[in-house]
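Fold and geometry: a report
The primary structure of each chain is shown beneath.
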Amino acid sequence: MASGTTVRPLRPEELDSALQLDAAAFGWEPEGDWMDAVVRPTLEVERFTGVFDPALDDEMVGVAGIFSKEMTFPGGGRTPVAGVTWVSVRPGQQGRGILRQLMQDQLTGLHERGQEPVAVLTASESGIYGRFGYGSAIRRARLEIPQGTALRAGLETDRVRVVPRERAFDTVTALYDQVAAAAPGHLRRTPEVWQSLYSDHSVDRDGATRLVVALHPDGYASYRVKADWNDRGPAGTLLVHEVCARTPRARASLWQHLLGVALVREVQHRRSWPDDPVVDMVAAPRLVRLAVADHIWLRIVDLDRAVPLRGYGAEVRVRVDLTDTVCPWNHGRWDLELAADGGRAVRVDPRADDAVPTVRLAAADLGAAFLGGTPVRRLADAGLVSGDPEAVDALHDALSWRRSPHCPEGF
Ligand SMILES: CC(=O)SCCNC(=O)CCNC(=O)[C@H](O)C(C)(C)COP(=O)(O)OP(=O)(O)OC[C@H]1O[C@@H](n2cnc3c(N)ncnc32)[C@H](O)[C@@H]1OP(=O)(O)O
């Protein structure tokens, strides 16, 4: 813990300093109109905390915020999650425990105030948050597919209509909302989030065209084109923003369009996920390059409040021995009663000396497995989950889900 520093909620007038601190830590230059139109409307200043150092004239040396998000959980509905964000420590003050202070304060605060029982974040670097009990719960995949790649014979497709994003907006938001409500890992989008994701500000375009939307009655694909030319002719790249489909036919129609846009040589989709059905839809699957990385990190803040929030893939009763040093209220033995329509975590008396088969695991690994995106059996094979093999398999079956989680946005 950083010695002598204090952590407290930000005052509204301190938000500018916090944003400047973040820009200095991340090495970017805040562009005024982008900050005002795109960034600020999403911020909830009352959920930001700062660390202040009396030895530096009470300078703000660290900051962290929370977005009030709602995520679709497997077999459950949309559930409030704390979207941890804007975490930064002033250059020159790093390496003295300020991040640890911020993380401890956030998690203790969520617990003591009975706020969101689950916290999620997207990490700037993937080695940071495991020590605070976050696990890699939702992966993303970057897809690269050559233009002209054919879909498998027999997939039915329709022509789509391409319109500027302004004209498609109402249809797009309604379709996303319907798909997101049933797709594990998807976040509900407020008007402010829509504005930030679809602002089309030059900061987000990197020389590519404005967003256009391919519309199908049951889905949409938004994308930009980055034109390029070489000695052989056109060498453009189509940059997929998102593909959202509520039927297989819509998905096939949208991909048929994306893979056929003129003057493009490669289609890239950075917000895809490892189980994207397009991998199976193309006739020559080796043409699809897929690079997988961590995306959403998940932390169970309160085990007993988190377990009821999802449905489970198998009906089991399993004992877990959880190691959680950051949130000690979770630490210890629990009986998990898990079923398709929900679950319950019941604290086991630490003095009980019964010989119930038990799974031993750490908070970060339970976080990784909680949405079904990281198989418990795989964690056991990696030596990270241990205990009675049948109990491990039971927990694996219960946490697995028919659709792997996918979150098509960062925050
Ligand atoms: C959700 C988000 O917003 S992610 C964005 C995170 N922010 C950034 O990347 C901005 C640039 N970087 C920074 O501001 C800082 O370097 C931070 C926030 C990453 C770390 O802050 P610090 O105050 O230096 O971290 P602190 O000293 O509290 O270290 C706590 C622990 O994290 C570890 N750690 C710190 N930075 C890193 C890193 N980049 N990678 C891996 N581990 C790290 C430390 O080694 C320490 O580990 P230990 O407790 O096991 O010994």
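Residues numbered from 1 in each chain as written. Predicted model: local features only at pLDDT ≥ 70, side-chain atom pairs only at ≥ 80, totals over all residues.

The protein chain carries the name UPF0256 protein in an unreviewed UniProt entry, which gives Nakamurella endophytica as its organism.

As a further point, take the overall build of the protein chain. The number of helices and strands found in the protein chain is twelve helices and 19 strands. What you see for the protein chain is a C-alpha radius of gyration of 23 Å, in line with the 22 Å of a compact globule of 411 residues. The dimensions of the protein chain, computed from C-alpha atoms along their principal axes, are 70 × 60 × 40 Å. The buried share among the 411 residues of the protein chain stands at 41%. Put simply, 74% of the contacts in the protein chain that link residues at least 6 apart link residues at least 24 apart. (Helix = DSSP H or I, 4+ residues; strand = E, 2+ residues; numbered from the N terminus. Rg over C-alpha atoms; globule rule 2.2 N^0.38 Å. Buried ≥ 20, exposed ≤ 12 C-beta atoms within 10 Å, placed from the backbone. Contact = placed C-beta atoms within 7 Å.)

The ligand sits among 22 residues. The nearest are Val87, Gln94, Ile98, Leu99 and Ser124. Elements supplying a minimum of two residues to the shell around the ligand: helix H1 (15-26), strand S4 (78-89) and helix H3 (98-112). Taken together, the residues of the shell around the ligand break down into eleven nonpolar, seven polar and four charged. (Near = placed C-beta within 6 Å. Nonpolar A, V, L, I, M, F, W, Y, C, P; charged D, E, K, R; others polar.)

Let's shift gears to the nonpolar core. With 73 residues, the main nonpolar core has Ala119, Val120 and Leu298 as its most contacted residues. Apart from residues no more than four positions distant in its own chain, leucine 298 is found in contact with Val118, Val120, Tyr134, Gly135, Ala137, Gly367, Phe370 and Leu371. Listed in part, the 36 residues of the second largest apolar core include Leu215, Ala245, Ala252 and Val288. (Core = buried A, V, L, I, M, F, W, Y, C linked by C-beta atoms within 7 Å.)

What follows deals with the pairing of strand S9 (residues 219-226). In this structure, strand S8 (residues 212-216) lies alongside S9, joined through five bridges in antiparallel fashion. Within S9, the residue paired with histidine 216 across the bridge is glycine 219. Turn length for the S8-S9 hairpin, with the two strands adjacent in sequence and antiparallel, is two residues. Examined bridge by bridge, S9 and strand S12 (residues 236-245) share eight bridges and lie antiparallel to one another. Within the sheet, the bridge partner assigned to alanine 221 lies in S12 and is valine 243. (Pairing = 2+ DSSP bridges.)

On to the pairing of S12. Counting buried residues in S12 gives eight out of ten residues, a clear majority hidden from the surface. The sheet contact formed by S12 and strand S13 (residues 264-272) spans five bridges and is parallel. Of the residues in S13, the one forming a bridge with valine 240 is histidine 269. Of the crossover connections in this fold, the one passing from S12 over helix H7 (residues 248-258) to the parallel S13 is right-handed. (Right-handed = clockwise from strand over helix to strand, strands pointing away.)

The next thing to look at is the environment of glycine 65. Following the sequence through the fold, glycine 65 ends up in strand S3 (residues 59-72). Classification of glycine 65 by C-beta neighbours within 10 Å gives buried; the count is 26. Residues glycine 65 and proline 328, 263 residues apart in the sequence, show an inter-C-alpha distance of 22 Å. Among all residues touching glycine 65, those that are not within four sequence positions of it are Leu43, Arg47, Phe48, Thr85 and Trp86.

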